[in-house]
Amino acid sequence: MPEKDEDLTEIVKKHFQDEAAEFDKIIHCLVPFYNNMIGSIAYAIPFNNSMHIKVADLGCGTGNVSKNIKERFPNAKIVCIDLAEKMIEMAEIKLSEYGNITYHVGDFRDFKFDEDFDAVVSSLALHHLTNENKKRFYLQIYHALRPGGVFYNADSVLGASDRLNDIYMEKWKEYMNRNISMGKIESKWLPKHEEEDIPAKLVDQLDWLRDIGFRDVDVIWKYYNFAVYGGLK
Ligand SMILES: C[S@@+](CC[C@H](N)C(=O)[O-])C[C@H]1O[C@@H](n2cnc3c(N)ncnc32)[C@H](O)[C@@H]1O
């Protein structure tokens, strides 16, 4: 793990700049039931489908979460934010048939949010922040939402104990091994996970969200070390 937060951000940015063209193929091999997981986010947004909801997609990558949201909420106005310009370029291509989407290249922590978002969503991006920075950023997200707005995050998480984490790791490796050799998992993907990812205990994150003031805090989808969770302002 790099010493400083900025160093990790640079490593993460380079990783996704380099991987942008293959991302959509790779992600299904690495993340169990990825479509199902991100699909749960759009489904949990509690507004009428015809509303002009305002949404922020943090670490939008190639635009998969935003695509789901546009399919369910055709009038949604979405801002897609990502560090990696090449991921944003892929998102722009994928989302070109939809209107009302703006793109912002940069660190989502530096984005100047208005305080009237109906939904702030994220998938597989916030685990790159240290736990202190996650807590701080969850508060920033809370302030970006209007009362009644929601925050949902799909992410890699830790279990409540080492015993559970051992099980989660076995199940994750078993899933990846459907499409990737165990040699490659152990020489490439697990070291990348060690270097770049800082998953936090899911049970702690639910407490942080409640302490900030979120209501209806819950886990809406879970498969071992992957979960979708959030709440309502
Ligand atoms: C694993 S990808 C997930 C992409 C997309 N959300 C999805 O689920 O398909 C993580 C993305 O988050 C972006 N990211 C990570 N940290 C970020 C930060 N601090 N600010 C903006 N984007 C960030 C990366 O550049 C990358 O595109």
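Residues numbered from 1 in each chain as written. Predicted model: local features only at pLDDT ≥ 70, side-chain atom pairs only at ≥ 80, totals over all residues.

Here the focus is the sheet that holds strand S7 (residues 226-232). Spatial strand order, S3-S2-S1-S4-S5-S7-S6: seven strands in an open sheet with mixed pairing. Taken across any chain shown, the strands that pair with only one partner, and hence form the sheet edges, are strand S3 (101-105) and strand S6 (215-223). The average undirected angle you get between the axes of adjacent strands in this sheet is 15°. With six bridges joining them, strand S4 (residues 117-123) and strand S5 (residues 145-156) adopt parallel strand pairing. By the bridge assignment for S5, Ser-122 is matched with Asn-153. Relative to S5, helix H3 (residues 34-44) is tilted by about 170°, and along the sheet it contacts S4, S5, S6 and S7. (Pairing = 2+ DSSP bridges. Helix = DSSP H or I, 4+ residues; strand = E, 2+ residues; numbered from the N terminus. Axes fitted to C-alpha atoms, helices over the stretch in contact; angles between N-to-C directions. Contact = placed C-beta atoms within 7 Å.)

For the rest of this paragraph, the subject is the nonpolar core. Judged by nonpolar contacts, the single largest core of 54 residues is most densely connected at Ile-41, Val-55, Ala-56, Cys-80, Ala-119 and Val-120. Counting residues per element, this core draws most heavily on S5, which supplies five residues. For Val-120, the contacting residues outside a window of four places in its chain are Ala-56, Leu-58, Ile-141, Ala-144, Leu-145 and Phe-151. (Core = buried A, V, L, I, M, F, W, Y, C linked by C-beta atoms within 7 Å. Buried ≥ 20, exposed ≤ 12 C-beta atoms within 10 Å, placed from the backbone.)

The next subject is the site of the ligand. By nearness alone, 23 residues border the ligand, and Phe-16, Gly-59, Gly-61, Ser-123 and Ala-125 come closest of all. Tallying contributions element by element places helix H1 (residues 5-19) first for the shell around the ligand, with four residues. Tallied by class, residues from the shell around the ligand come to 13 nonpolar, six polar and four charged. (Near = placed C-beta within 6 Å. Nonpolar A, V, L, I, M, F, W, Y, C, P; charged D, E, K, R; others polar.)

The subject of this paragraph is unusual backbone geometry. With a phi close to 50°, Phe-33 is a non-glycine residue in the positive phi region. With respect to the helices and strands, Phe-33 occurs in the loop between helix H2 (23-30) and H3. The exposure class assigned to Phe-33 is partly exposed, which follows from the 14 C-beta atoms found within 10 Å. Not every positive phi belongs to a glycine, and Tyr-224 is a case in point at roughly 50°. Assignment of secondary structure puts Tyr-224 in the loop between S6 and S7.

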